[in-house]
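Geometric and topological summary
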Amino acid sequence: MLKVRGLTKKYGDTEVLRGLDLTVRRGECFGLLGPNGAGKTTTLRLLLGLIEPDSGSIELAGFSVPKHAREARMKVGVVPQMDNLDPDFSVRENLFAYGRYFGMEKSAIAARVPHLLEFAGLAHKADAKITQLSGGMKRRLTLARALVHDPDILFLDEPTTGLDPQARHLIWQGLRQLIADGKTIVLTTHFMDEAERLTDRLAILDHGCLVAEGAPRALIESHIEPVVVEVFGEGLADWTRNHAASLCQRFETVGETLFCYNSNADTVIEALKHAPTLRYLHRPSSLEDVFLKLTGRDLRD
Ligand code: ADP
């Protein structure tokens, strides 16, 4: 559904993408992850043919981009990072306006609207103004709107940023339904749990290059020891100096927390019983540990 080879893009002297290769199969949910400034939004804009690459090739839904970007875009539904619904129109009118933008007949849009409203859980809000919707409702409408022309593939740029947990779960439910219906999804996210939950495969991008690619579970297994004990509290520096090297397979201190990575946490936890001023959190390793190991813990902006 998507094949990208050797994609490069510069802004002035800044190399934003440095030879990106991506393959997304039909029916797959693919995650594009990376710290701020890694090049995710630039990649999405290139895929849609909104900007031109310096070199490399893009094939999207069978069309070469940017040459046949218009045809490719007919096959793509886009959910941008910022909701850009028209505030002068009602919920239903927003769906119609978007369908007309894709050159659809009014009757064809009308045939799809009830299903889209149902999908978004907004049937009861069909005639409401956009200003009357909650953040979660607006996001669901933006997602439904992206489906008006029945695209094969969806691009979602941080689909749940700014939403509360309930609203996030509703979006996830909608996305899972789309995947079950056979749609292909490409999403960017800063939420590692979201990526772990939804994606079949993901790529981690940093400084315009891929630093890892694979299924979430496989990435965790290949990059990180199975369990982490996060240790914090008074006396951490001394404890780290005296014990970390012997008790942890690998460790990192970040701010006031020691991350102790191991295949088994028993020995560490046993040792911590003798350090009453320290507290700890014991958990399985996650995609976040992979992400931080590969992209570093420095703040990017
Ligand atoms: P991400 O979406 O991963 O946060 P972006 O693709 O938005 O990253 O940005 C990647 C880099 O490209 C950043 O350093 C950003 O400042 C730069 N950049 C993005 N768009 C432009 C532009 N139109 N002009 C100049 N620099 C840009």
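Structure: above.
Presented here is a report on the structure given in the accompanying data block. In this text the structure is predicted, and so the values were computed from the model without any measurement.

On to the packing of aromatic side chains. We describe a pair of aromatic rings using the distance from one ring centre to the other and the angle between the two ring planes. Under the defined criterion, the tally for this structure stands at three aromatic pairs. Geometrically, the ring pair formed by Tyr98 and Phe102 is edge-to-face, given 5.4 Å between the ring centres and 65° between the ring planes. Judged by its relative accessible area of 17%, Tyr98 is buried. Among the aromatic residues, ring-to-ring pairing joins Tyr98, Tyr101 and Phe102 into one connected group.

Let us look at helix α3 (residues 91-101). Of the positions making up α3, those classed as buried are Val91, Asn94, Leu95, Phe96, Tyr98 and Gly99. The secondary structure elements touched by the buried residues of α3 are β6 (76-79), α4 (106-119) and α5 (135-145). Trailing α3 by a residue or two, Gly103 shows a phi angle of about 75°, which is positive.

This paragraph deals with the state of the cysteines. Tallying each qualifying case throughout the model produces one disulfide. With a sulfur-sulfur separation of 2.1 Å, Cys248 is cross-linked through a disulfide to Cys260. Between Cys248 and Cys260, the S-S torsion sits near -115°, and that sign places the bridge as left-handed. Of this pair, Cys248 sits in the loop between α9 (236-247) and β12 (250-254) while Cys260 sits in strand β13 (residues 257-262), and the two are twelve residues apart along the sequence.

The pairing of strands in a sheet comes from backbone hydrogen bonds and takes either a parallel or an antiparallel form. An order of β12-β13-β11-β14 is seen for the four strands of this open sheet, with the pairing classed as antiparallel. The sheet is open, and its two borders are formed by β12 and β14 (278-284), each paired with just one other strand. If you compare each strand with its neighbour and ignore which way they point, the axes differ by 20° on average. The pairing of strand β11 (residues 227-233) with β14 spans seven bridges and is classified as antiparallel. Residue pairing across strands places Glu230 opposite Leu281, the latter belonging to β14.

What follows is about the site of the ligand. Neighbouring the ligand are Tyr11, Val16, Pro35, Asn36, Gly37, Ala38, Gly39, Lys40, Thr41 and Thr42. Within the backbone of Gly37, an N or O atom sits 2.7 Å from an oxygen atom of the ligand. About the coverage of the ligand: the protein hides 56% of its 570 Å² of free accessible area. In terms of residue count, the dominant contributor to the shell around the ligand is helix α1 (residues 40-47) (three residues).

Another point: the nonpolar core. Counting 39 residues, the largest nonpolar core has Leu141, Leu156, Leu175, Leu178 and Ile185 as its most contacted members. At the level of secondary structure, the elements contributing two or more residues to this core comprise α3, α4, α5, β7 (153-157), α6 (165-180) and β8 (184-188). The biggest single contributor to this core is α6, with six residues. Not counting residues within four places of it along the chain, the set of residues in contact with Ile185 comprises Glu28, Cys29, Phe30, Leu154, Leu156, Leu175, Leu178 and Ile179. Counting residues in hydrophobic clusters, the runner-up holds 28 residues, among them Met1, Leu20, Phe30 and Leu44.

Here is what the cut-offs are and how they apply
- Residues numbered from 1 in each chain as written.
- Predicted model: local features only at pLDDT ≥ 70, side-chain atom pairs only at ≥ 80, totals over all residues.
- Heavy atoms only, no water.
- Phe/Tyr/Trp six-rings, centres within 6.5 Å; stacked < 30°, edge-to-face > 60°.
- Buried < 20%, exposed > 50% of the residue type's maximum accessible area, 1.4 Å probe, protein only.
- Helix = DSSP H or I, 4+ residues; strand = E, 2+ residues; numbered from the N terminus.
- Contact = heavy atoms within 4.5 Å.
- Disulfide = S-S within 2.5 Å.
- Pairing = 2+ DSSP bridges.
- Axes fitted to C-alpha atoms, helices over the stretch in contact; angles between N-to-C directions.
- Near = heavy atom within 4 Å.
- Polar contact = N/O pair within 3.5 Å; in protein donor to acceptor, adjacent residues only side chain to side chain.
- Areas by Shrake-Rupley, 256 points an atom, 1.4 Å probe, with all protein chains shown as cover.
- Core = buried A, V, L, I, M, F, W, Y, C linked by side-chain atoms within 4.5 Å.

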